[in-house]
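Breakdown of the fold
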Amino acid sequence: MRLEKRPQVSHAALLLAPVVAVAFTLAVSGLLVLWAGAPVGRTYVLLAQGAFGSVFALTETLTRAVPLILTGLAAAVAFRAHLYNIGAEGQLYAGALAAVAVGGLHGGTGLEWSPYLLFPLMMLAAALAGALWLLGPALMKARLGVDEVVTTLLLNFVMLLLVSALLDGPMKDPMAMGWPQSVALQGDLELAKLVPQTRLHTGLLWALALAVLVWGLMARTVAGFRIRAVGANARAAAFAGVPVTRTVVLVALLSGGLAGLAGAIEVAGRTSYVTLDMSPGYGYSGIVIAMLAGLNPLGVVAAAIFVAGVLVGADSMSRAVGVPTYLADVIVATSLLAVLVAALFTQYRVRR
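Here's what I pulled together on the structure shown here. Quick caveat, the model's predicted, so the values are computed rather than measured. (Residues numbered from 1 in each chain as written. Predicted model: local features only at pLDDT ≥ 70, side-chain atom pairs only at ≥ 80, totals over all residues. Heavy atoms only, no water.)

A word on the overall build of the protein. Secondary structure assignment for the protein yields 13 helices and 2 strands. For a compact globule of 352 residues, the expected C-alpha radius of gyration is about 20 Å, and the protein comes in at 21 Å, within 12% of that figure. Summarising its shape, the C-alpha atoms of the protein cover approximately 70 × 60 × 30 Å along the three principal directions. Each of the 352 residues in the protein was classed as buried or not, and the buried ones make up 48%. Long-range pairs, those at least 24 residues apart, make up 75% of the contacts in the protein between residues at least 6 apart in sequence. Looking at the protein as shown, the accessible area adds up to about 16,900 Å², and 69% of this sits on carbon and sulfur atoms. Within the protein, the 14 negative side-chain charges are centred at a point lying 20 Å from the centre of the 21 positive side-chain charges. (Helix = DSSP H or I, 4+ residues; strand = E, 2+ residues; numbered from the N terminus. Rg over C-alpha atoms; globule rule 2.2 N^0.38 Å. Buried < 20%, exposed > 50% of the residue type's maximum accessible area, 1.4 Å probe, protein only. Contact = heavy atoms within 4.5 Å. Areas by Shrake-Rupley, 256 points an atom, 1.4 Å probe, with all protein chains shown as cover. Lys, Arg positive; Asp, Glu negative; His and termini not counted. Charge placed at Lys NZ, Arg CZ, Asp CG, Glu CD.)

The relative placement of two aromatic rings is captured by the distance of their centres and the angle of their planes. Tallied over the full model, the rule gives 2 aromatic pairs. Judged by centre distance (5.8 Å) and plane angle (70°), the rings of phenylalanine 119 and tryptophan 206 are edge-to-face. Taken together, the positions of phenylalanine 119 in helix H5 (residues 115-144) and tryptophan 206 in helix H7 (residues 203-220) put the pair 87 residues apart, joining distant regions of the chain. Here tryptophan 206 falls in the partly exposed class, since its relative accessible area comes to 31%. Sitting over the ring of tyrosine 348, lysine 5 keeps its end group 5.1 Å from the ring centre. (Phe/Tyr/Trp six-rings, centres within 6.5 Å; stacked < 30°, edge-to-face > 60°. Lys NZ or Arg CZ within 6 Å of the ring centre and 35° of its normal.)

This part covers unusual backbone geometry. For residues other than glycine, phi is negative in most cases, and the peptide bonds are mostly trans. Positive phi outside glycine occurs at serine 272, with the angle close to 75°. As for its position among the elements, serine 272 is in the loop between helix H10 (244-271) and helix H11 (282-292). Its identity is not glycine, yet leucine 295 carries a phi of approximately 65°, on the positive side. Here leucine 295 lies in the loop between H11 and helix H12 (297-321).

A few words on the pattern of salt bridges. Going through the model one piece at a time under the given rule, you end up with 5 salt bridges. Glutamate 4 is paired through a salt bridge with arginine 2; the nearest N and O atoms lie 3.6 Å apart. On the accessibility criterion, arginine 2 (48% relative accessible area) is partly exposed. Glutamate 4 is the partner of arginine 349 in a salt bridge, and the nearest nitrogen-oxygen pair spans 3.2 Å. With arginine 349 in strand E2 (residues 348-351) and glutamate 4 in strand E1 (residues 2-5), the pair connects residues that are 345 residues apart, well separated along the chain. The partly exposed category is assigned to arginine 349, whose relative accessible area is 26%. Connected through salt bridges with shared partners, the residues Arg2, Glu4 and Arg349 form a single ionic network. (Salt bridge = Lys/Arg side-chain N within 4 Å of Asp/Glu carboxyl O.)

A few words on the side chain of threonine 25. Topologically, threonine 25 is positioned in helix H1 (residues 11-35). Discounting chain neighbours no more than four positions away, the residues touching threonine 25 are Ile331, Thr334, Ser335 and Ala338.

Given below as structure tokens:
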């Protein structure tokens, strides 16, 4: 038996592949629910209600989705150029530190400039911090052939150690009663709430706008064509006149900048300060989301909401039927594998 590439990919198959993958995921996860001694139908209903069944549930899901959209975009852009950025977690923290450094230090009063000037400077600093954290591994890959998977992954741990040192040193909040956290942002620099008395903030609008902009860049510009060309075949792209190193640098700045903005928006919209546990793995989840979306920036939004809904809904579901919340991790991981297999069979068929 062998895999043979299909002469033409069916559009119907491309549309049905995610549906089949989700159905397969629910069937496999249902076996684990039965093993836990809970009714499958009620478990899934409670999972959906916990994620979307009320204003509170929906706003919590969308709040969780904001950093996932941004880290998903960061991974999607990088992977499209075959720059395998596994370091979005570290870049997120770099952006968060930069945001607090601009908008929260200096005696806790910031730079005492107008918020209309300080806020864009804070966001720019966060994007630059994330971009520079990825630029080194990108240049090492382009110039020296160093594997960026290893370098970006290891830099995550370097960043966490740096965060720990700063939170116990120059960035530590003296009013935190010894708890390792940074000083808070100025109140004027925090993002407004979209829905009163919830945690949902205008960072959602930032994430949606950036998804549209990244889609436009990738699909409608010369730079986007170069990124796709380098990802398809870097040697052929170079032969055709595409500046490969310059394109890789552009991808690194864009991908790292998006992850850095995720950190700044998380600080400005939800936490107000940096802690070591600020991110429960948003950078790594962004890789899953990018793959679920097929590296499509608009698909990243839907994938992020799906993953966020599963994670949020699992909490209330677990309390109601006694199924461990780890079911959410199983659903996310299985859906990723199922989507990859479904995508494979839309492009290839089995021949004897």
